[in-house]
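Chain residues, written in single-letter form:
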Amino acid sequence: MRILIANDDGVLAPGLTALHGALHDYADCVVVAPHEDRSGASSALTLDKPLRPFYLENGFVGLNGTPTDCVHLGVNSLFADSVDMVVSGINLGANLGDDVLYSGTVAAALEGRFLSRPAMAFSLVSRQTDNLPAAAAIARSLVEAHEQLELPPRTILNVNIPNLPLERIKGVVLTRLGHRERAAKPVKWTDPRGKEGYWISVAGDAEDGGEGTDFNAVMQGYVSVTPLRIDKTHYEVFDHLDGWLGNLRMTSDA
Ligand code: MN
């Protein structure tokens, strides 16, 4: 089996090395990752310039592109038709609730949705590396367990790991996405030459972090596993919208 490992923190990120270290003796692992931190890139593809892979001494492939570019190129060109599964991370920082909309870590896994085995995205709920070994051990367990897993196509697993040493992690639970409040406002900022700009600010706090959510699980010391799908169609509002559209008047003299 061949696993393609990607991330959004960049090809030099410690979480990528940790994930590769945890998986390299389980499967044939190849690594393709952005040459710089592309956190927040979501599922962007680079369409306005060519992608140029470069090869690091450790065998990892760096790319002047997004996380999605990395998986797209890895699966379709660099390792064409030989990749069975995509694993992404280990991100330093949570990807909970609304974060999955912006996350390059989750996007990299989503780009692996056409493969034979379910893709997984791993995030450690911390900016520090202290508990990366625990997160890597959990990633290894979950990746190994994929052999007993049958999921519908285009389904990926989003895994968030609490910032704890392995012996203090209480277990692994199945969760739904919670929701965040609106993010803090962009921060106005002036550079040393007096030019003004803005920094996008931090994500909002958990608004729905209740029972059953990913937020709740990691807060309680559990690993959170949320299955995600591509289809965002909101089926529950079909009836209401059907009536609304039925009453729509199409006028030519507006
Ligand atoms: Mn990141």
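This text goes with the structure placed above it.
Only a predicted model underlies this, so the values are computations on that prediction, with no experimental measurement involved.

Peer 1: Honestly, the overall build of the protein chain in this entry has me stumped. Any pointers?
Peer 2: A count of helices and strands for the protein chain gives 7 helices and 13 strands. A compact globule built from 254 residues should have a C-alpha radius of gyration of about 18 Å, and the protein chain, at 20 Å, falls within 12% of that. Projected onto its principal axes, the C-alpha coordinates of the protein chain cover approximately 65 × 50 × 40 Å. With 254 residues in all, the protein chain has 46% of them scored as buried. When contacts within the protein chain are restricted to residue pairs at least 6 apart in sequence, long-range pairs at least 24 apart make up 75% of them. About 14300 Å² of surface is accessible on the protein chain, with carbon and sulfur atoms providing 53% of the total. Positive and negative side-chain charges of the protein chain, numbering 21 and 32 respectively, have mean locations separated by a distance of 5 Å.

Peer 1: When you look at the coordination of the manganese ion in this model, what are you seeing that I'm missing?
Peer 2: For a metal with four donors in a tetrahedral arrangement, the ideal angle between donors is 109.5 degrees, while six donors in an octahedron ideally sit at 90 or 180 degrees. The protein atoms that coordinate the manganese ion are D8 (OD), D9 (OD), S39 (OG) and N91 (OD1), at distances spanning 2.0 to 2.2 Å. Mapped onto the polypeptide sequence, the residues donating to the manganese ion form the spacing pattern D-D-x29-S-x51-N. With S39 in the loop between β2 (28–34) and β3 (54–55) and N91 in strand β5 (residues 85–92), the pair connects residues that are 52 residues apart, well separated along the chain.

Peer 1: Just checking my understanding: could you explain a nonpolar patch on the surface for this structure?
Peer 2: A contiguous nonpolar patch, built from L241, W244, L245, L248 and M250 and spanning about 580 Å² of accessible area, is present on the exposed surface. Residue placement: L241 occurs in helix α7 (residues 238–246). Residue L241 is classed as partly exposed on the basis of its relative accessible area of 37%.

Peer 1: In this structure, what is going on with the pairing of strand β11 (residues 196–199)? I would like to understand it.
Peer 2: Where a strand is regular, its side chains alternate between the two sheet faces. As defined by bridge partners, strand β10 (residues 187–190) adjoins β11 across 4 bridges and the pair is classed as antiparallel. Bridged to W189 within β11 is G197. Connecting the antiparallel pair β10 and β11 is a turn made up of 5 residues, with G194 showing a positive phi of about 85°.

Peer 1: Just to check I follow, could you spell out the packing of aromatic side chains for this structure?
Peer 2: Pairs of aromatic rings are described using the distance from one ring centre to the other and the angle between the two planes. Applying the stated criterion across every chain yields a total of 2 aromatic pairs. Summarising the aromatic geometry, the rings of W189 and W199 are spaced 5.7 Å apart at their centres and angled 70° between planes, so their arrangement reads as edge-to-face. With W189 in strand β10 and W199 in strand β11, the pair connects residues that are 10 residues apart, well separated along the chain.

Peer 1: Help me understand the pattern of salt bridges in this model?
Peer 2: Side-chain pairing between opposite charges can occur once the charged atoms of the two side chains come close. Counted according to the given criterion, the structure contains 7 salt bridges. We note a salt bridge from R140 to D25, for which the minimum N-O separation is 2.6 Å. Taken as a pair, R140 in helix α5 (residues 132–145) and D25 in the loop between α1 (14–23) and β2 lie far apart in primary sequence, 115 residues in all. Under the relative-accessibility criterion, D25 is labelled exposed at 54%.

Criteria and thresholds
Residues numbered from 1 in each chain as written. Predicted model: local features only at pLDDT ≥ 70, side-chain atom pairs only at ≥ 80, totals over all residues. Heavy atoms only, no water. Helix = DSSP H or I, 4+ residues; strand = E, 2+ residues; numbered from the N terminus. Rg over C-alpha atoms; globule rule 2.2 N^0.38 Å. Buried < 20%, exposed > 50% of the residue type's maximum accessible area, 1.4 Å probe, protein only. Contact = heavy atoms within 4.5 Å. Areas by Shrake-Rupley, 256 points an atom, 1.4 Å probe, with all protein chains shown as cover. Lys, Arg positive; Asp, Glu negative; His and termini not counted. Charge placed at Lys NZ, Arg CZ, Asp CG, Glu CD. Donors = N, O, S within 2.8 Å, 3.2 Å for Na, K, Ca; no water. Patch = residues over 30% accessible without salt bridge, like charges linked within 9 Å, V, L, I, M, F, W, Y side chains within 5 Å. Salt bridge = Lys/Arg side-chain N within 4 Å of Asp/Glu carboxyl O. Pairing = 2+ DSSP bridges. Phe/Tyr/Trp six-rings, centres within 6.5 Å; stacked < 30°, edge-to-face > 60°.

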